[in-house]
Amino acid sequence: MVHTRSNFPTSNRTSRTPLLRIGCAGWSIPTTYAPRFHSEGTHLQRYARVFNAVETKSSFYLPHRANTYQRWAESVPTHFRFSVKIPKAISHERRLQGCDGELSEFLDQARCLCDKLGCLLLQVPPSFAFDQAVVAPFMHHFRRLHSGPVTCELRHAFWFGASARRVLRDHGISRAAADPAR
């Protein structure tokens with residue numbers, strides 16, 4: 001996960017040099033690597049002493065209570081950011097249609113990270129081809145609700161055409177590099 005621009009202190013870098021954030025999808029620490037992390041604190045606290053960002057992939061599968069996001073935010077350093085994955089109920093099940101309630105609920109939860117909220121990650125399934133009649137209204141509504149950084153992880157070839165690029169650009173949404181690359 002890479003996210004640029006932040007209010008992280010600019011010492012040892014110019015104001016034009018982007019801050020590189022490096023993190024993993026989740027903060028579990030495999031036993032093999034545990035000795036490389038401090039032994040005190042929760043897994044998240046230990047993880048946050050080594051990395052400056054994380055993708056909360058659990059939000060893809062289930063909603064989290066506001067106090068869970070607040071607790072996470074309070075347990076990490078000031079410069080740390082969470083990239084929060086948008087629920088699959090929105091991207092995979094509803095396929096960006098008729099999901100206004102789910103989107104609002106998700107954003108209300110994620111905003112509890114306050115200034116620790118980094119990029120929101122929208123992953124669309126490989127079977128979901130770009131359809132401007134569906135995607136453009138969703139992105140427009142999404143941007144009315146959320147002005148922060150958003151990245152899409154796209155897998156279907158139709159997402160790499162001019163129309164899709166234009167819709168993403170017009171809404172200020174970046175693309176994530178998917179693994180494997182298409």
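Reading the values: rules and limits
- Residues numbered from 1 in each chain as written.
- Predicted model: local features only at pLDDT ≥ 70, side-chain atom pairs only at ≥ 80, totals over all residues.
- Heavy atoms only, no water.
- Helix = DSSP H or I, 4+ residues; strand = E, 2+ residues; numbered from the N terminus.
- Areas by Shrake-Rupley, 256 points an atom, 1.4 Å probe, with all protein chains shown as cover.
- Buried < 20%, exposed > 50% of the residue type's maximum accessible area, 1.4 Å probe, protein only.
- Pairing = 2+ DSSP bridges.
- Right-handed = clockwise from strand over helix to strand, strands pointing away.
- Arc of directions from axis to C-beta.
- Contact = heavy atoms within 4.5 Å.
- Axes fitted to C-alpha atoms, helices over the stretch in contact; angles between N-to-C directions.
- Disulfide = S-S within 2.5 Å.
- Salt bridge = Lys/Arg side-chain N within 4 Å of Asp/Glu carboxyl O.
- Phe/Tyr/Trp six-rings, centres within 6.5 Å; stacked < 30°, edge-to-face > 60°.
- Lys NZ or Arg CZ within 6 Å of the ring centre and 35° of its normal.

The subject of this paragraph is the overall build of the protein chain. Looking only at helices and strands, the protein chain features seven helices and six strands. Reading the secondary structure of the protein chain in the N-to-C direction produces β-α-β-α-α-β-α-α-β-α-β-α-β. Approximately 10100 Å² of the protein chain is accessible, and the part contributed by carbon and sulfur atoms is 52%.

A word on the pairing of strand 4 (residues 117-123). Among the seven residues that make up strand 4, seven are buried, leaving the element largely enclosed by the rest of the structure. Pairing analysis gives three bridges linking strand 3 (residues 81-85) to strand 4, with the strands arranged parallel. Residue pairing for strand 4: F82 is matched across the bridge by L117. Viewed along the sheet, the connection from strand 4 through helix 6 (residues 132-145) into strand 5 (residues 150-153) turns out right-handed.

Moving on to helix 7 (residues 162-170). For helix 7, every residue scored as buried is listed here: A164, V167 and L168. Buried residues along helix 7 cover an arc of 95° about the axis, so they all sit on one side. Summarising the geometry of helix 7, the exposed residues directed more than 90 degrees from the buried face are R169 and D170. Turning to helix 7, the residues buried within the fold contact helix 6, strand 5 and strand 6 (174-176). G172, located one to two residues past helix 7, shows a positive phi value of around 65°.

What follows is about the sheet that holds strand 4. Sheet architecture is open: six strands sit in the order 1-2-3-4-5-6, paired in parallel fashion. Each edge of the sheet is formed by a strand with only one pairing partner; in this case those strands are strand 1 (23-25) and strand 6. The mean angle between the axes of side-by-side strands here comes to 25°, regardless of whether they run parallel or antiparallel.

The next point concerns the state of the cysteines. As used here, a disulfide is simply a covalent bond connecting the sulfur atoms of two cysteines. Under the definition given, this model contains zero disulfides. For the unlinked cysteine C152, the closest cysteine sulfur is that of C119, found at 9.0 Å.

Another aspect to go through is the pattern of salt bridges. If charged atoms from side chains of opposite charge come close, those side chains can pair. The full count for this structure, using the stated rule, is five salt bridges. In this structure, the salt-bridge partner of R111 is D108, at a minimum N-O distance of 3.5 Å. Under the relative-accessibility criterion, D108 is labelled partly exposed at 48%. The residue R155 makes a salt bridge to E153 at a minimum N-O spacing of 2.5 Å. Comparing R155 with E153, the two get one shared label, buried.

Here we come to the packing of aromatic side chains. For the structure on display, the rule yields twelve aromatic pairs. Here F37 and F51 contribute two aromatic rings whose centre-to-centre distance is 6.5 Å and whose plane-to-plane angle is 40°, an arrangement assigned as tilted. Linking F37 in the loop between strand 1 and helix 1 (43-48) with F51 in the loop between helix 1 and strand 2 (53-56), this pair joins segments that are 14 residues apart in sequence. Note on F80 and F82: the rings are 5.2 Å apart at their centroids and 70° apart in plane angle, and the pair reads as edge-to-face. The exposure class assigned to F80 is buried, which follows from its relative accessible area of 0%. Classification of F82 as buried rests on a relative accessible area of 0%. Chaining the aromatic ring pairs together yields one cluster made of W27, F37, Y47, F51, Y69, W72, F80 and F82. Over the face of the ring belonging to F60 we find K85, whose NZ or CZ atom lies 4.5 Å from the ring centre.

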